[in-house]
Amino acid sequence: QVQLVESGGGSVQAGGSLRLSCAASGAIATTVCMAWFRQTPDNKRERVAALYTGTNTTYYAASVKGRFTASHDYAKNTLNLQMNSLKPEDTSMYYCAAHPHNCLFDRFDYWGQGIQVTVSS
């Protein structure tokens with residue numbers, strides 16, 4: 001019943017910026033952890049950013065810290081990811097995910113279909 005839909009991906013030159021959005025439909029919980037994941041070249045899952053809506057606390061992977069910023073738009077029930085200073089290694093399929101609690105657990109109940117981000121050199 002809960003659906004997450006990503007948008008805003010595409011192609012950009014190295015050093016450029018993209019803004020991803022994840023629109024949530026259907027009730028999840030009063031407060032949730034929402035996160036962005038991406039697939040690594042060896043097919044592993046990397047959590048690049050997460051946000052706990054109860055406090056707007058954010059978490060970032062070391063590889064993107066200082067370049068990516070997660071935010072939550074309560075009016076639109078949307079999780080955004082501003083990606084600046086993009087590098088070719090940021091190229092991946094990005095997935096939005098949500099868990100009906102805080103961000104301290106490696107467990108996500110809801111997933112989007114994914115959106116492609118391509119960064120060229």
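Up top you'll find the structure we're talking about.
Residues numbered from 1 in each chain as written. Predicted model: local features only at pLDDT ≥ 70, side-chain atom pairs only at ≥ 80, totals over all residues. Heavy atoms only, no water.

Considering the pairing of strand β9 (residues 92-99)
Heads up, the rule is: For the exposure calls, accessible area comes from a 1.4 Å probe over protein chains only, and a residue counts as buried if that area is under 20% of its type's maximum, exposed if over 50%, partly exposed in between. Helix and strand assignments come from DSSP, with helices taken as H or I runs of at least 4 residues and strands as E runs of at least 2, each series counted from the N terminus. Here, any two strands with at least 2 DSSP bridges between them count as paired.
Buried residues dominate β9, accounting for 6 of its 8 residues. Looking at chain direction, strand β4 (residues 33-39) and β9 are connected through 6 bridges and run antiparallel. Residue pairing across strands places cysteine 33 opposite histidine 99, the latter belonging to β9. Pairing analysis gives 3 bridges linking β9 to strand β11 (residues 115-120), with the strands arranged antiparallel. Across the sheet, the residue bridging to tyrosine 94 is isoleucine 115, located in β11. Pairing between β9 and strand β10 (residues 110-111): 2 bridges, direction antiparallel. Counterpart to alanine 97 in the pairing with β10 is tryptophan 111.

Quick look at the sheet that holds strand β3 (residues 18-25)
Threshold: Whenever a helix is involved, its axis is fitted only over the stretch in contact; in every case the axis is a line through C-alpha atoms, and angles between N-to-C directions fall within 0 to 180 degrees.
The strand order β1-β3-β8-β7 describes an open sheet built from 4 strands, whose pairing is antiparallel. Both outer strands of the open sheet, β1 (3-7) and β7 (68-73), are each paired with one neighbouring strand and no more. Shown here is a sheet whose adjacent strand axes are inclined to one another by a mean of 15°, direction ignored. The pairing of β7 with strand β8 (residues 78-83) spans 6 bridges and is antiparallel. Across the sheet, the residue bridging to histidine 72 is leucine 79, located in β8.

Things to note about unusual backbone geometry
Look at asparagine 56: it is not a glycine, yet its phi comes out positive at around 60°. Checked against the element boundaries, asparagine 56 lands in the loop between β5 (45-52) and β6 (57-60). The exposure class assigned to asparagine 56 is partly exposed, which follows from its relative accessible area of 41%. Positive phi is not limited to glycine here, since serine 85 has a value of about 50°.

So, the state of the cysteines
The cut-off we apply is this: Only a pair of cysteine sulfur atoms within 2.5 Å counts as a disulfide in this structure description.
If you walk through the whole model with that rule in mind, you get 2 disulfides. The side chain of cysteine 22 participates in a disulfide bridge whose partner is cysteine 96; the two sulfur atoms lie 2.0 Å from each other. What sets the handedness of the cysteine 22 and cysteine 96 disulfide is the S-S torsion sign, and at about -80° it is left-handed. Placement of cysteine 22 in strand β3 and of cysteine 96 in strand β9 is noted, with a sequence separation of 74 residues between them. Each member of the pair, cysteine 22 together with cysteine 96, is buried. If one numbers only the bonded cysteines of the protein chain, in the order they occur, the disulfide pattern is 1-3, 2-4.

Topic: the environment of isoleucine 115
Put simply, the test is: For this analysis, residues touch if any pair of their heavy atoms sits within 4.5 Å.
Relative to the helices and strands, isoleucine 115 resides in strand β11. For the pair isoleucine 115 and leucine 20, spaced 95 residues apart in the sequence, the C-alpha separation amounts to 8.6 Å. In this structure, isoleucine 115 is in contact with Glu6, Ser7, Gly8, Gly9, Leu20, Ser92, Met93 and Tyr94, ignoring residues within four places of it in sequence.

Notes on the packing of aromatic side chains
For the record, the criterion: Ring geometry is summarised as follows: Phe, Tyr and Trp rings, the Trp one being its six-membered ring, pair when their centres sit within 6.5 Å, and such pairs are stacked at plane angles under 30 degrees, edge-to-face over 60 and tilted between the two.
Enumeration over the complete set of coordinates arrives at 3 aromatic pairs. Seen from their ring centres, phenylalanine 37 and phenylalanine 108 are 5.0 Å apart, and the 80° between their planes marks the pair as edge-to-face. Remark: phenylalanine 108 occurs in the loop between β9 and β10 and phenylalanine 37 occurs in strand β4; sequence separation between them is 71 residues. With respect to class, phenylalanine 37 is no different from phenylalanine 108; both count as buried. Ring centres 4.9 Å apart and planes at 45° place the aromatic pair phenylalanine 37 and tryptophan 111 in the tilted group. Of this pair, phenylalanine 37 sits in strand β4 while tryptophan 111 sits in strand β10, placing them 74 residues apart in sequence. Note on tryptophan 111: relative accessible area 33%, which makes it partly exposed. Chaining the aromatic ring pairs together yields one cluster made of Phe37, Phe108 and Trp111.

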